[in-house]
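Listed here are the chains, written in short residue letters.
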Amino acid sequence: MSLETGRTFATITSAKQHFAPMLDRNDLKQPFSGGDLADIAALYRDYCAKTNWPLPSSPTSFYPTYERDEGYTTRCFGVTFANGSIGRFSLDKALRAIAV
């Protein structure tokens, strides 16, 4: 698996080892920057392209947030779009989709 940033991963596990610590390095809602931002943005674009996920507008920032549902809470990537809407995406789901 390779990203448009030039970063490549031999396995999903190695990609997860790269991305998962990012969720812990930043505080909740603290936007990513630099190389982390470039890699997360590339991951998200590839994920959306592979799953034909329609974007409401261009992503403007990514940050750690929580995904909650009945019986669980987990950290995931939040995204803010140029039109002011927000979303989130799961690292595991993104990596599995891209690896297919």
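Going by the structure above, here's the rest.
Here's what I pulled together on the structure shown here. (Residues numbered from 1 in each chain as written. Predicted model: local features only at pLDDT ≥ 70, side-chain atom pairs only at ≥ 80, totals over all residues. Heavy atoms only, no water.)

1. Considerations on the pairing of strand S2 (residues 72–81)
Remember that side chains alternate between the two faces of the sheet whenever the strand is regular. Two strands pair when backbone bridges link them, and strand S1 (residues 59–69) and S2 are joined in this way by ten bridges, in the antiparallel orientation. Bridge pairing in S2 places Pro-64 opposite Phe-77. If you look at the hairpin formed by S1 and S2, you'll find two residues sitting between the two strands, and Gly-71 has a positive phi there, around 90 degrees. A loop of four residues connects S2 with strand S3 (residues 86–89), the two strands running antiparallel in sequence, and Gly-84 in this loop sits at a positive phi of about 95 degrees. (Pairing = 2+ DSSP bridges. Helix = DSSP H or I, 4+ residues; strand = E, 2+ residues; numbered from the N terminus.)

2. Description of the nonpolar core
Ranked by size, the top nonpolar core spans 24 residues in total, and within it Phe-19, Ile-40, Leu-43, Tyr-44, Phe-62 and Phe-89 carry the most contacts. Here this core takes seven residues from helix H2 (residues 34–51), the largest share from any one element. Once you skip the residues sitting within four places of it in the chain, Phe-19 turns out to touch Leu-3, Phe-9, Asp-39, Ile-40, Leu-43, Phe-77, Leu-91 and Leu-95. (Core = buried A, V, L, I, M, F, W, Y, C linked by side-chain atoms within 4.5 Å. Buried < 20%, exposed > 50% of the residue type's maximum accessible area, 1.4 Å probe, protein only. Contact = heavy atoms within 4.5 Å.)

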